[in-house]
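Tertiary structure, described
Here is how the chains run, residue by residue.
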Amino acid sequence: MNNKGGYSICTTDVLVIGVEAAGAYAAVKASEDEDVDVIAITKGSDIARAGATVTASHSTFAVECQGLHDLLGAPTDTRDSPEAFFEDMVKEGKYVNDQMLVESLVRECAPRAKEMESWGFQWDKTQFYASPGHTYQREIFGLDTSGPQMCRVMKRILESRPNSQIMGNMLALDLLTSGDEIAGAVALDLLTGELVVFEAQCVIIATGGAQALYPYVSTGREMTGDGHAMAYRAGAEFHDMEYIQFIPGELIWPPGWMVGVQPFVMFDGLYWWYNGLGDRFMRRWDPMRIEDVTRDIRSIGVATEVLEGRASEHGGIYASFAHLPSDVVDNVGRTRRRGWISSSGFDYNPLVEMMKEGTAIELANYCHFWMGGIKINVDGETNIPGLYASGECCGGVHGANRLSGGALTQCIVQGARAGIAASAHAKKTSRPEVDSEQVEACRAWVYRPLEREGGTNPMELRDKVTEFADSHTGPVRDHEMLEEAIAEAERLKKVELPHLYCKTKNPAYNLEWVHAIQTANIVQVMEIVAHSALPVRNSRGAHYRRDYPDTDNDNFIKSVVAKQVEGRCEVRFEPVKITSITPPKGRRPYPG
Amino acid sequence: MSEGEEERDVIIAKVLRFDPTIDEEPHFETYEVPKYKVGRQTLAKVLEYIFESIDPSLAYYVTCNRALCNGCVAMINGKAGLLCMTETTDEVTIEPAANHRVIKDLMVVPEEEDRVQQQVLKRSGKSKYL
């Protein structure tokens, strides 16, 4: 195998990077025009074999009830409307949402849901939910699953069209530009270890969040912000990267359950939490509701105990049923459809038995969702002509806190918008010339870990970075931590990343090499997060500053925009885009 | 466990290794993986340990970790199963899924999807930048 060898060139009109909910929807819409060729690449082995959508099996789509009723014929609460949904999103987003993006989401969610039905997606029109923050029961499930079913529907459409193609095992590395415009992207064919150059007038990034910057994730561990990193290097702007959603749902002890335990074992209000000193610490955050508060406050309460040295034995907090008689726990189990067995077959009975005997389990925060991301307008356009983005990799629509059901809805609305806009743009522009120097520059950095004879182990560096990110850019931050995070990101880029080294030299399906590339990406994301969070000297939604614990509506109803300028991350404030809800004034103790 | 026998503190994992770019034939390698004293040790965790602490050349595929993507299908003690869902036994044999093209070790691609993708890559031109 010759690492210096040639590479394949694939030519297309629209290249989509990431093919789960947002990317697949974008690819379907872009390829509706049969004159437009679309290639959709994923680093997973296939659609729905990587990313967050597949883990959203029992997640909801939030769709305003009027539309659910009129378009889908669902028996819903007709007091709801796009306006009511809009108000909930902006209020719970703590007034920093881009209201133009919210308008688009609340008005287009129902037509998109109807469109999915016309493609064969089956909705469960019998149950509707209202998670905290939703005034009406507007959360709706897919009939068997939500995310995986959606991916199956999209895959069928994309495979049936002659002008669209899904390519798996393609790890996108860098965007290519020609002058100010996008010219395509370079990817690594993981199966062969060779580069593939995609020449395209339009690129849509739909790579999801960067959960893997943190030690625990509610998604797959491959969510490494690849799209963020390549967009940043190409000069794209980022929007409110300081808002990241965490949930204390990772079961860290006993080991091995691997998935978030919260939905399966834990009923809200059923369990009590203790810190390492045996103190029911959530009383300090809310003496009345204690553990039964919203997710942002829970994650901030847990992070505070860990940061201040009061963690449980394995670095989290204790959760216990010990205050409950065991027959009460048994009765709770009986009221559940599948007892203590999860939807995908995980059997939590051994854990419940252990807890009934009085042993606590240990929980930690996992990274669940990224509210911040690439800055887009309603059509998914970025500041780079030809570069589009959609879904979780984009910022703005959720503000400082996302409501349940908002993620999949964001994917279908923004995916469609970006797909339609990119398709139209591709038709009226000619394909720019790819600059071979950019391809060579990409090749140079990407192959270096294989060429070095010694250096830093990618997995060890990844563990160091995630541990550092958790303690410096987690739910709780202060000025010193963020300054340290900026310095550490610079040090990592200068000192550690240039020494990443793979013991395994064969480039074909070399996981060590994949980790090296991904670790560089999470470092890049950490730098953007730290720079974005530093000037936001108040606490709001998912961003808690222990040095500025108040929510300051007089000075910080602002959007933070970050961008690479001459090798440095520059941050500026912009006014929040407001269409109909004027944010409140004044300063209040968190949560505002 | 018979009387007098001490409980083992390692798992013996036999993994079928095959790198088509180097090896002529697949071969088994045997690894000793520390056994959890408490908790639930899935084969995904066993393979992760081998990859991160013993042999980084191992190729395998695990993502969702909750039996949703079916990406981690493999032959486990001779039967098809998911690595993320299957708890390990004291001795376990792991081989790649049947009816798939083996890329390397346990990493496989379904024959049909592989065929389509290879066609696209073949249609595409080779580099003009060389």
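In this text, all values refer to a predicted model and were calculated from it rather than measured experimentally. The numbers attached to residues start from 1 for each chain and follow its sequence in the written order. By the order in which they are written, chains take letters starting at A while ligands take numbers starting at 1. It should be noted that, the model being predicted, local features are given only for residues of pLDDT at least 70 and side-chain atom pairs only at 80 or more, the latter also being counted only at that level, while totals for whole chains, interfaces and linings use all residues.

Secondary structure is summarised from DSSP: a helix means a run of H or I of at least four residues, a strand means a run of E of at least two, and numbering begins at the N terminus for each. Per the secondary structure count, chain A includes 15 helices and 24 strands. For the radius of gyration, the atoms used are the C-alpha atoms, and the globule rule reads 2.2 Å times the number of residues raised to 0.38. The C-alpha radius of gyration computed for chain A amounts to 23 Å, which stays within 12% of the reference 25 Å derived for 592 residues, consistent with globular compactness. If you line up chain A on its principal axes, its C-alpha atoms span 70 × 60 × 50 Å. With C-beta atoms placed from the backbone, a residue is buried if 20 or more other C-beta atoms are within 10 Å of its own, exposed if 12 or fewer are, and partly exposed between those counts. Sorting the 592 residues of chain A into buried and exposed places 60% on the buried side. Here, residue contact means that the backbone-derived C-beta atoms of the two residues sit within 7 Å. Look at the contacts in chain A between residues 6 or more apart in sequence, and 75% of them connect residues 24 or more apart.

Once that is clear, we can look at the nonpolar core. Residue and element names in this part refer to chain A. Nonpolar cores are identified as sets of buried Ala, Val, Leu, Ile, Met, Phe, Trp, Tyr and Cys residues joined via C-beta atoms within 7 Å. Val14, Val16, Ala24, Ala187, Val203, Ile204 and Met526 are the most contacted members of the largest nonpolar core, which totals 224 residues. The dominant element in this core, judged by the number of residues it contributes, is helix α15 (residues 511-533), at 13 residues. Residue-level mapping places this core at the junction of two domains, with at least three residues from each of domain 1 (8-242 + 371-428) and domain 2 (246-366). The domain limits used here are those given by an automatic or database domain assignment.

Looking now at the sheet that holds strand β13 (residues 244-253) of chain A. All names here are of chain A. When DSSP locates at least two bridges between a pair of strands, those strands are taken to pair. Across the sheet, which stays open at both edges, the 4 strands sit in the order β13-β16-β15-β14 with antiparallel pairing between neighbours. Unpaired on one side and paired on the other, β13 and β14 (272-274) mark the two borders of the sheet. Ignoring strand direction, the axes of neighbouring strands in this sheet form an average angle of 45°. Relative to strand β16 (residues 361-370), strand β15 (residues 317-320) is paired through 3 bridges, and the arrangement is antiparallel. Pairing of Ile317 across the sheet is with Leu363, part of β16. Convention adopted: a line fitted to C-alpha atoms gives each axis, helices being fitted over their contacting stretch, and angles between N-to-C directions are expressed from 0 to 180 degrees.

Right, let's talk about the domain arrangement of chain A for a bit. Accessible area lost during the coming together of the parts is what is often quoted as the interface size. Residue and element names in this part refer to chain A. On domain assignment, one finds that chain A holds domain 1 (8-242 + 371-428) and domain 2 (246-366). Placing the centre of domain 1 and that of domain 2 at their C-alpha centroids yields a distance of 32 Å. Contact residues are listed per partner, giving 7 residues for domain 1 and 11 residues for domain 2. The classification used treats Ala, Val, Leu, Ile, Met, Phe, Trp, Tyr, Cys and Pro as nonpolar, Asp, Glu, Lys and Arg as charged, and all other residues, Gly among them, as polar. Tallied by class, residues from the side of domain 1 that touches domain 2 come to 3 nonpolar, 4 polar and no charged.

Moving on to the packing of helix α4 (residues 99-118) of chain A against helix α11 (residues 406-428) of chain A. Residues and elements named next belong to chain A. Where α4 meets α11, the axes come as close as 9 Å, and the angle between the chain directions of the two elements is 90°. What the angle tells us is that α4 and α11 run roughly perpendicular. Between α4 and α11, the residues in contact are Ser104, Leu105, Glu108, Cys109, Arg112 and Met116 and Thr409, Gln410, Ile412, Val413, Ala416 and Arg417, respectively. An angle below 35 degrees is treated as roughly parallel, one above 145 as roughly antiparallel, one from 65 to 115 as roughly perpendicular, and anything else as oblique.

Attention now moves to the interface of chain B and chain A. Facing 40 residues of chain B, the contacting portion of chain A comprises 41 residues. Elements represented by at least two residues in the side of chain B that touches chain A include exactly α1 (43-54), β6 (100-104), β7 (107-110), α2 (111-123) and β8 (125-126) of chain B. Among the elements that take part in the side of chain B that touches chain A, α2(B) stands out by supplying 4 residues, more than any other. Of the residues belonging to the side of chain B that touches chain A, the class tally is 20 nonpolar, 12 polar and 8 charged.

Glancing now at the environment of A:Arg49. Inspection of the secondary structure puts A:Arg49 in the loop between β3 (38-41) and β4 (61-62). Ignoring anything within four residues of it in the chain, the contact list for A:Arg49 reads A:Gly44, B:Thr63, B:Cys69 and B:Gly71.

Turning to the environment of A:Val523, a few remarks are in order. Residues and elements named next belong to chain A. Inspection of the secondary structure assignment puts Val523 in helix α15. According to the C-beta neighbour criterion, Val523 is buried, with 26 such atoms within 10 Å. Placed 212 residues apart in sequence, Val523 and Ala311 show a C-alpha to C-alpha distance of 26 Å. Once residues within four sequence positions are removed from consideration, Val523 is found in contact with Val465, Ala489, Leu492, Lys493 and Leu497.

All names here are of chain A. Across the interface, helix α1 (residues 21-30) lies against α11 with an axial gap of 7 Å and an inter-helix angle of 35°. Remark: the crossing between α1 and α11 carries right-handed chirality. For the pair formed by α1 and α11, the contact residues are Ala21, Ala22, Gly23, Tyr25, Ala26, Ala27, Val28, Lys29 and Ala30 on the first element and Leu408, Cys411, Ile412, Gln414, Gly415, Ala416, Ala418, Gly419, Ile420, Ala422 and Ser423 on the second. Taken together, the residues of the contact of α1 with α11 break down into 14 nonpolar, 5 polar and 1 charged. Handedness of a crossing is defined here by the sense of rotation of the near helix relative to the far one, left-handed for an anticlockwise turn of less than a right angle and right-handed for a clockwise turn.

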